[in-house]
Amino acid sequence: MNIKALFMTLLLAGMLVACQQTAPPASTFHATDITGASFGRGFELTDHNGQTRKLTDFRGKVVALFFGYTHCPDVCPTTLSDFALALKTLGADANRVQVLFITLDPERDTLELLKHYVPAFYPTFLGLRPNVGQLQALASEYKVVCQKAPGGDPAEYGIDHSANTYIYDRQGRLRLLMPYASGADTIAHDLKVLLR
């Protein structure tokens, strides 16, 4: 066997071995992929304009849903700011994303307050307000941990709460759990993947 034939045989053998090895596919998301999760199946709440909203109302858009409250000193404004910056990088595709902010503090967060607070971060953001009974059911459905943290004045309490954002694809399926402080670039990347 000449050198050329030997080289071709080794090359073909190497290609066959390479074809048989299958590496696990790398995730295209930066956030935690929770596709197929059996929680976070939906809601029916009043938005800051007084309109009843369901998750199905936003079918065709990527939906980012975050639980927080307007008196929150850090986590909530940071998250809303990060999503606003992410949407600004999407250009026209930003119209295909809906950010929803569900208050954990219906006692203080009136529809009027939500109407001024939430869209201040980005004009299309919507605030949603559950009543106390709905809030308990939502916290259970979305596995949200929240509890009042008393302050010096009984009216000036905080709320300790989980800080992940739930992201749905355009078909209304829960796909991602975006951790707090992921940053606008990471959020924009994952939104773009879901918008493809």
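Residues numbered from 1 in each chain as written. Predicted model: local features only at pLDDT ≥ 70, side-chain atom pairs only at ≥ 80, totals over all residues. Heavy atoms only, no water.

A look at the pairing of strand β6 (residues 126-129)
What counts here: In this scheme, strands are said to pair when DSSP sees at least two bridges between them. Labels follow the DSSP assignment, with helices taken as runs of H or I lasting at least four residues and strands as runs of E lasting at least two, numbered in each case from the N terminus.
With 2 bridges connecting them, strand β2 (residues 44-47) and β6 associate as antiparallel partners. Each bridged residue has a counterpart across the sheet, and for Asp47 the counterpart in β6 is Leu128. Inspection of the sheet shows strand β5 (residues 97-103) paired to β6 by 3 bridges, in the parallel sense. Across the sheet, the residue bridging to Phe101 is Gly127, located in β6.

Some remarks on helix α5 (residues 184-195)
For clarity, the cut-off: Expected span of a helix, by definition, is 1.5 Å for each gap between consecutive residues, and there is one gap fewer than residues. Throughout this description, buried means an accessible area under 20% of the type-specific maximum (1.4 Å probe, protein chains only), exposed means over 50%, and partly exposed covers the range between. Whether two residues are in contact is decided by their heavy atoms: any pair within 4.5 Å suffices.
Counted at 1.5 Å a residue, the expected span for α5 with its 12 residues is 16 Å, and the 16 Å between its end C-alpha atoms agrees. Listing the buried residues of α5 in full gives Ala184, Ile187, Ala188, Asp190, Leu191, Val193, Leu194 and Leu195. Taken together, the buried residues of α5 touch β4 (62-68), α2 (75-89), β5, β9 (165-168) and β10 (174-178).

Observations regarding the pattern of salt bridges
Side-chain pairs of opposite charge can arise where the charged atoms are in close proximity. How we decide: By definition, a salt bridge exists where a carboxyl oxygen of Asp or Glu is found within 4 Å of a side-chain nitrogen of Lys or Arg.
For the structure on display, the rule yields 7 salt bridges. Residue Asp105 pairs with Arg108 through a salt bridge whose shortest N-O separation is 2.6 Å. Each member of the pair, Asp105 as well as Arg108, is classed as buried. Via salt bridges that share partners, Asp169, Arg173 and Arg175 belong to a single interconnected network.

A look at the nonpolar core
Put simply, the rule reads: Grouping buried Ala, Val, Leu, Ile, Met, Phe, Trp, Tyr and Cys residues that are joined through side-chain atoms within 4.5 Å yields what is termed a nonpolar core.
Ranked by internal contacts, the top residues of the largest apolar core, which has 37 residues, are Leu87, Val97, Phe101, Phe125, Ile167 and Leu191. Counting only elements with at least two residues in this core, the list comes to β4, α2, β5, α3 (111-117), β10 and α5. Ignoring sequence-local partners within four residues, the contact set of Leu87 consists of Ala94, Val97, Tyr122, Phe125 and Leu191. Judged by nonpolar contacts, the second largest core, of 23 residues, contains Ile34, Leu45, Val63 and Leu104.

Regarding helix α4 (residues 132-142)
This is how it is decided: It is the directions from the helix axis to the C-beta atoms whose arc is reported.
Every buried residue of α4 is accounted for by Leu135, Leu138, Ala139, Glu141 and Tyr142. When α4 is viewed along its axis, its buried side chains cluster within an angular range of 165° and face the same direction. Opposite the buried face of α4, by more than 90 degrees, sit the exposed residues Gln136 and Ser140. Contacts from the buried residues of α4 go to β2, β4, β5 and β9.

Points about the sheet that holds β10
The condition is simple: All axes are obtained by fitting lines to C-alpha atoms, using only the stretch in contact for helices, and the reported angles, taken between N-to-C directions, cover 0 to 180 degrees.
Reading across from one edge, β1-β10-β9-β4-β5-β6-β2-β3 is the order of the 8 strands in this open sheet, with mixed pairing throughout. Strand pairing shows two members of the sheet lacking a second neighbour, β1 (32-33) and β3 (52-54), which therefore form its edges. Both β2 and β3 contribute to a ladder of 3 bridges, which runs antiparallel. When the sheet's bridge partners are listed, Leu45 is paired in β3 with Arg53. On top of the sheet, α5 reaches β4, β5, β9 and β10; it is set at about 175° to β10, its chief contact.

Let's talk about the side chain of Thr103
Formally: Polar contact is the term for a pair of N or O atoms within 3.5 Å; when the atoms are in protein, one must be able to donate a hydrogen and the other to accept it, and sequence-neighboring residues count only if both atoms are side-chain atoms.
Tracing the backbone through its elements, the reader meets Thr103 in strand β5. Note on Thr103: relative accessible area 0%, which makes it buried. Among the polar contacts listed, one links the side chain of Thr103 to the backbone nitrogen of Asp105, at a separation of 2.9 Å. Once residues within four sequence positions are removed from consideration, Thr103 is found in contact with Gly68, Tyr69, Asp109, Leu114, Leu128, Arg129, Pro130 and Leu135.

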